[in-house]
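# Summary of structural features
Listed below are the residues making up each chain.
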Amino acid sequence: MNFLRGVMGGQSAGPQHTEAETIQKLCDRVASSTLLDDRRNAVRALKSLSKKYRLEVGIQAMEHLIHVLQTDRSDSEIIGYALDTLYNIISNDEEEEVEENSTRQSEDLGSQFTEIFIKQQENVTLLLSLLEEFDFHVRWPGVKLLTSLLKQLGPQVQQIILVSPMGVSRLMDLLADSREVIRNDGVLLLQALTRSNGAIQKIVAFENAFERLLDIISEEGNSDGGIVVEDCLILLQNLLKNNNSNQNFFKEGSYIQRMKPWFEVGDENSGWSAQKVTNLHLMLQLVRVLVSPTNPPGATSSCQKAMFQCGLLQQLCTILMATGVPADILTETINTVSEVIRGYQVNQDYFASVNAPSNPPRPAIVVLLMSMVNERQPFVLRCAVLYCFQCFLYKNQKGQGEIVSTLLPSTIDATGNSVSAGQLLCGGLFSTDSLSNWCAAVALAHALQENATQKEQLLRVQLATSIGNPPVSLLQQCTNILSQGSKIQTRVGLLMLLCTWLSSCPIAVTHFLHNSANVPFLTAQIAENLGEEEQLVQGLCALLLGISIYFNDNSLESYKKEKLKQLIEKRIGKENFIEKLGFISKHELYSRASQKPQPNFPSPEYMIFDHEFTKLVKELEGVITKAIYKSSEEDKKEEEVKKTLEQHDNIVTHYKNMIREQDLQLEELKQQVSTLKCQNEQLQTAVTQQVSQIQQHKDQYNLLKIQLGKDNQHQGSYSEGAQMNGVQPEEIGRLREEIEELKNNQELLQSKLTEKDSVIENLKSSQTSGTNEQSSAIVSARDSEQVAELKQELATLKSQLNSQSVEITKLQTEKQELLQKTEVFAKSVEVQGETQTVIATKTTDVEGRLSALLQETKELKNEIKALSEERTAIKEQLDSSNSTIAILQTEKDKLELEITDSKKEQDDLLVLLADQDQKILSLKNKLKDLGHPVEEEDELESGDQEDEDDESEDPGKDLDHI
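Predicted model only: the values in this text are computed from it and were never measured.

## Comments concerning the overall build of the chain
- Within the chain, the secondary structure is distributed over 42 helices and four strands.
- In the chain, which comprises 962 residues, the share counted as buried stands at 43%.
- Counting contacts in the chain only where the partners sit at least 6 residues apart, residues at least 24 apart contribute 72% of the total.
- For the chain, the accessible area works out to roughly 52,100 Å², and carbon and sulfur atoms hold 51% of it.

Right, dumping it as structure tokens:
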């Protein structure tokens, strides 16, 4: 502080201390002082002088200040002073009262100092590293300084930041700063950074900028927020405008859905501040950026789809139909809705269904058209409504048909209670306001654009001109107004409508030529030498006459193509005609209208051309020129070529249809192949699963065989098998005896049944049959038990056989091991005999061992042979037992069939016996009634029967009681 006072005191003490000397002393102190306090005080003094003496401080102190930033980073206070001083030098912030010349000088001075600062790229990198400091006195002046550098020389500073490692990421951290001043200035910094640089825009977008900016807008209150919301919206526009990658990222990140709350403007009495109008205007422009006609069609349609699905379009239509909305917001909302629905059928259909909150409700389209044809409405609003109507009809044949249908006689409301869109267009077409004429003509032309059906339908429209006169067609009325010499704007609009109507529609051309006054009027207009103002009308008349020639089907004899060409050659001249036709594309307003679909004009007199009409002129100008110069022979040849082309087209369409059918068949076959592949894969997986299961079962089976082989000894298993084989014949004999008994029982039953037939009175046969049934049941049960025992014995035999096979394999493996041992031993003996003669005495022992081993192997072979023979014998016995069991099973089945047959026969006999008992009973009753005595033997027999079977329920019991 003492140093600063001395400097300032010296400066005021006398004139010898000039500002330059003071600044020089301060710079020397910054450069040479060893104490940090002295350097800090010097930098503070330079800061105080930097605003007033910007040039001097900048020239002398910039290098020292940069050195301070490099060396004194540990002291935040001196860094803050240095950054503020550099900001004062570089920025062009001047007071409002400064003159223009000084302002220009300051701008040049700022750019020069900026160029000096960024000449060393390390300075910008140093500044970026300082922005990582959290200290407010470092970060905030650093943000302001970098923003000023970007404002002065934006592209150069952008390039340095782009190549700096993590340069953009460091700046993105500013949006997350809790201090609103730094956050807000960070938004301004990113605005300057992202301006006209697609690469930086992409990096900022992928650094989560959309999420952070939308959060800030939401925190600040959306459209009701302050200038921070405005800054965020401008930054969003920088990121999205003309950047297809960021637009796609914005859509896929579901950020369009977060835009809907922006347009919830509340009730009409909430008030519209200037900041709210600005915010909402920017929000609407941001929506238009996403659905701009200049964007790729696929990207635009996907954004339009998202806006409809999230309810954004519905919200915009609510503002459109609300009351109390400022005019500029209403105009921009109409333009926004226009581009949201343009060329997207779903949104166009929704817009057609929107009604205004009136009594009775009217369609929004009708309400907007009423504003368009009303000359008291603002010009920009009328242009916006026309654009909205054009976008509604763009590539919308359904909407075109609905508009034209409101003009047809069958659909006009006879009561006159409601006004249709067609009636409003006709009213505007023939009103006294030339702007209404032009707008209505262009709107009606868009209802016919690329739609031959509606062009033909519009020929049916009849207009009542005055009371008592017959109705006139709409086409005739348009030509009548043209001939009356109205204003240029009106005639241009009508000529554009007629050219659009007649192009690609030979029927409309025939209707036009049928009026004999039309062709002379056009030729007279083209042939006259009028002023520059009328040249455009002459060019449009030449275009209309050329359309009448090119699309003429020669159905009218007096106005065939050749005759019209001859008329042009005689009355106008071909060269003159082509020159007049060229007046259209040479007009200064033609190129302006061809750039954008939106009719954006500064004043009504500039409203001459329509965007879609400029496309039609480009398309027809060349072909009409060729048609005028063609001779009749060339026309004939062209017609022949057209016919051949049509034939070729028919052939091509035929083959296309065949190819489509083949494609469909191929698709079906591909689907079948894919299904078969799926089935094959499923079957293969099932087979692999089954193979694995089989392998598991085999492994389990082998483990069980090994366990059984370990538990059972070979001899025991053999003796048990022999014993069971010895028992088997006895069991078989017993089964045969039981079968014989069953046969005898069956014969007895049959004999008893025959006895029952001969002697009906003997009721005891039922008891014997009952006992026979019981005995047969016992026999069958016994038979089934014996068969089960046989099966069990067979299973034990099989297990024993498996154990024997395991033993055999074990013996074989042991044999192989012994053979290998003998071979190895023999080889070792041979090697020893060759190498060492000393061990010759031991050869006898080795030979003895070998002979013993050979003897053992022979014995083992014999044992294996015996075992194999035993195994084959056991197999034969097992096969024989299996065959006998099968025979017994078949015999058992036969016996069971016979038993069931005998049971059926017994049941039949019982039924017969019961019938005969009834007959006998009735006969006895008759005899008693006749007075004949009944024999006592019969009564005794019936009494005996009752004693023997008290619990029987058959008819004999009733007979005894009788």
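Read on for the rest.
## Section: a negative patch on the surface
- Negative charge collects at one region of the surface, where Glu898, Asp901, Glu905, Asp907 and Asp908 lie side by side.
- For Glu898, the location among the structural elements is in helix H40 (residues 843–930).
- Look at Glu898 and you get partly exposed, because its relative accessible area is 31%.

## Brief notes about unusual backbone geometry
- Between Asn359 and Pro360 the backbone carries a cis peptide bond, its omega angle lying at -5°.
- As for its position among the elements, Pro360 is in the loop between strand S1 (355–356) and strand S2 (362–363).
- Phi is positive for Ser196, close to 60°, though the residue is something other than glycine.
- Considering the arrangement of structural elements, one finds Ser196 in the loop between helix H11 (180–194) and helix H12 (198–206).
- Under the relative-accessibility criterion, Ser196 is labelled exposed at 74%.
- Look at Asn242: it is not a glycine, yet its phi comes out positive at around 55°.
- Under the relative-accessibility criterion, Asn242 is labelled exposed at 66%.

## What to know about the environment of Ile568
- Along the chain, the position of Ile568 falls in helix H32 (residues 561–571).
- Residue classification places Ile568 among the buried residues on the basis of a relative accessible area of 1%.
- Separated by 41 residues in the primary sequence, Ile568 and Ala527 place their C-alpha atoms 9.2 Å from one another.
- Setting aside residues no more than four positions away along its own chain, Ile568 makes contact with Leu545, Ile549, Gly573, Phe577 and Ile628.

## Some details on a nonpolar patch on the surface
- Nonpolar side chains collect at one region of the surface, where Ile651, Tyr655, Met658 and Ile659 lie side by side and expose about 370 Å² of accessible area between them.
- In this fold, Ile659 is placed in helix H37 (residues 632–711).
- Note on Ile659: relative accessible area 45%, which makes it partly exposed.

## Brief notes about H11
- Look at H11: 21 Å from first C-alpha to last across 15 residues, which is about the 21 Å you get at 1.5 Å a residue.
- Among the 15 residues of H11, 12 are classified as buried, and the element is accordingly described as predominantly covered.
- Among the residues of H11, Ile182, Arg183, Asn184, Asp185, Gly186, Val187, Leu189, Leu190, Gln191, Ala192, Leu193 and Thr194 are the ones counted as buried.

## Comments concerning the packing of helix H22 (residues 379–393) against helix H23 (residues 397–405)
- Between H22 and H23, whose axes approach to 7 Å, the crossing angle comes to 120°. Considered as vectors, H22 and H23 are oriented oblique to each other. Contact residues: H22 offers Phe389, Phe392 and Leu393, while H23 offers Gly399, Gln400 and Ile403.
- Among the residues making up the contact of H22 with H23, the classes are represented as four nonpolar, two polar and no charged.

Quick notes on the rules
Residues numbered from 1 in each chain as written. Predicted model: local features only at pLDDT ≥ 70, side-chain atom pairs only at ≥ 80, totals over all residues. Heavy atoms only, no water. Helix = DSSP H or I, 4+ residues; strand = E, 2+ residues; numbered from the N terminus. Buried < 20%, exposed > 50% of the residue type's maximum accessible area, 1.4 Å probe, protein only. Contact = heavy atoms within 4.5 Å. Areas by Shrake-Rupley, 256 points an atom, 1.4 Å probe, with all protein chains shown as cover. Patch = residues over 30% accessible without salt bridge, like charges linked within 9 Å, V, L, I, M, F, W, Y side chains within 5 Å. Salt bridge = Lys/Arg side-chain N within 4 Å of Asp/Glu carboxyl O. Lys, Arg positive; Asp, Glu negative; His and termini not counted. Charge placed at Lys NZ, Arg CZ, Asp CG, Glu CD. Expected span 1.5 Å × (residues − 1). Axes fitted to C-alpha atoms, helices over the stretch in contact; angles between N-to-C directions. Parallel < 35°, antiparallel > 145°, perpendicular 65-115°, else oblique. Nonpolar A, V, L, I, M, F, W, Y, C, P; charged D, E, K, R; others polar.

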